[in-house]
Structures are given as C-alpha cells and as structure tokens.
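# Coordinate analysis (summary)
Each chain, written out:
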Amino acid sequence: MFISFEGIEGSGKSTTLNSLCAALADEGISFVRTNEPGGSAIGRALRPLLLDRDQQLAQLAELFGFLADRAQHVSAVIRPALEIGDVVISDRYADSTIAYQGYGWGMDINMLNWLNQTVTGGLAPDLTILFDLEVEDGLRRVFSRNADRAGQTTEERFEAEPIDFHRRVREGYLKLAEMHPQRFRLVDASLPQEMVYGQITDILAERCSIYLS
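Residues numbered from 1 in each chain as written. Predicted model: local features only at pLDDT ≥ 70, side-chain atom pairs only at ≥ 80, totals over all residues. Heavy atoms only, no water.

Let's shift gears to the packing of helix α4 (residues 94-104) against helix α5 (residues 109-120). Relative to each other, α4 and α5 sit at 155 degrees, their axes nearing to 10 Å. When the axes of α4 and α5 are compared, the pair comes out roughly antiparallel. α5 is crossed by α4, and the crossing has right-handed handedness. In this structure, α4 contributes A94, T97, I98, Q101, G102 and Y103 to the contact, and α5 contributes I109, L112, N113 and N116. Among the residues making up the contact of α4 with α5, the classes are represented as 5 nonpolar, 5 polar and no charged. (Axes fitted to C-alpha atoms, helices over the stretch in contact; angles between N-to-C directions. Helix = DSSP H or I, 4+ residues; strand = E, 2+ residues; numbered from the N terminus. Parallel < 35°, antiparallel > 145°, perpendicular 65-115°, else oblique. Left-handed = near helix turned anticlockwise from the far one by under 90°. Contact = heavy atoms within 4.5 Å. Nonpolar A, V, L, I, M, F, W, Y, C, P; charged D, E, K, R; others polar.)

Within the structure shown, the criterion is met by 0 disulfides. In this model C21 remains outside any disulfide bridge; the closest cysteine sulfur is found in C208, 13 Å from its own. You can call C21 buried: its relative accessible area is 8%. Classification of C208 as buried rests on a relative accessible area of 14%. (Disulfide = S-S within 2.5 Å. Buried < 20%, exposed > 50% of the residue type's maximum accessible area, 1.4 Å probe, protein only.)

Structure representation (structure tokens):
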C-alpha cells in the first residue's frame, strides 16, 4: 500500500503524520515514512538546494532537481519497501510537481505528466490524502512557525512566494482531486489537529482496511 500526503504550505501534513506513524507502530504495522524532496540519501543532499529561499534556481533547474530526487526516491526507497510488503507513506510525491510547477508556475501540464511517468516508471499512490484549507490560514501558520526559526531560510523557498502563487497551487490540487476521485480523499485541514487525525483514520479504515484508534 502506497499512500501520499499532499497540501499547500502550512496545511499540517507533518504534524498529522507524526500521530499516524505513532499509531501504526503501536499496532505493529510495518511501514516506511518518507518525504519529497529528501527521501533518499541523494535526495537529502538535494533538499537544501531546492528549498532554500536564497538559492536562485531557474524554473527548469528546479523542476529537474525535483524529478531527480523523485527518480532516486522511487528506486531506492519506495519500490523496495513495497516489494517486501511495507506500507509506504510519503509526505509529497508526483502530484506536488503538477500543483507547484504546473499550476503554480504555469508549466505545461502534459509535459509534467509525461516526466512524472518517466521518472516513477508509472508508480502512482494507491491513496492520496489532500490536506485542504484556505491559503491565508496556511500561510499564517507558516509565518508563526518560521518566527521560531531564528532567521533560518533553508526550508522557506516556496513559502516566500506571493499569495497568488499559493492560490494557484491550491486550485491545482483541487483540480487533481476532481480528475482522480478514486485515488484522492480530501480532509478539512482547518479543523483542530485531533479532528484532522480522525478524518485520516476514517479514510484509512474505508480505503485500506487499516483500523487505528
């Protein structure tokens, strides 16, 4: 079972993933938690280059950096885990490229779909959980979190983009959910964390027969 978590900046994916993975461990379910960019050893070297807001990357350089990360991620982490029967949970995957580079930056969607198919060998998640909330709410959370980072900029490249960019990204995610209703499930990420987590456990019970308290 391959599950991806997607959402705009500040949607709360990582916080909910912490609770989910603790529950999976308590139930003795074998799983791999991973993320993009940075899920593989090579990806961890690429991550600061891709996300540091002080890096002046051309759009194509950014795109191919994320694709290189994904190709290695699939080869070194995701496929090997799936082959031995582990549940794989990834914080972001190929839909992020469509939402951010496609809808956000305006790159050709058909080209991006072809590139994603190429670098993943056609591997798609069995389930994608989309954390949805208003852009203003997500950015408010981000700015509050970043205030505690004492000026660090290593993870803030996309967060620093204008609000219209983030609105296009959210619109892209919602369009993807409409186009792939069998794969996508939406959660209301504006709710308190325990209620968001409850939505996730309901989805996993319904779609994956994974029952968590």
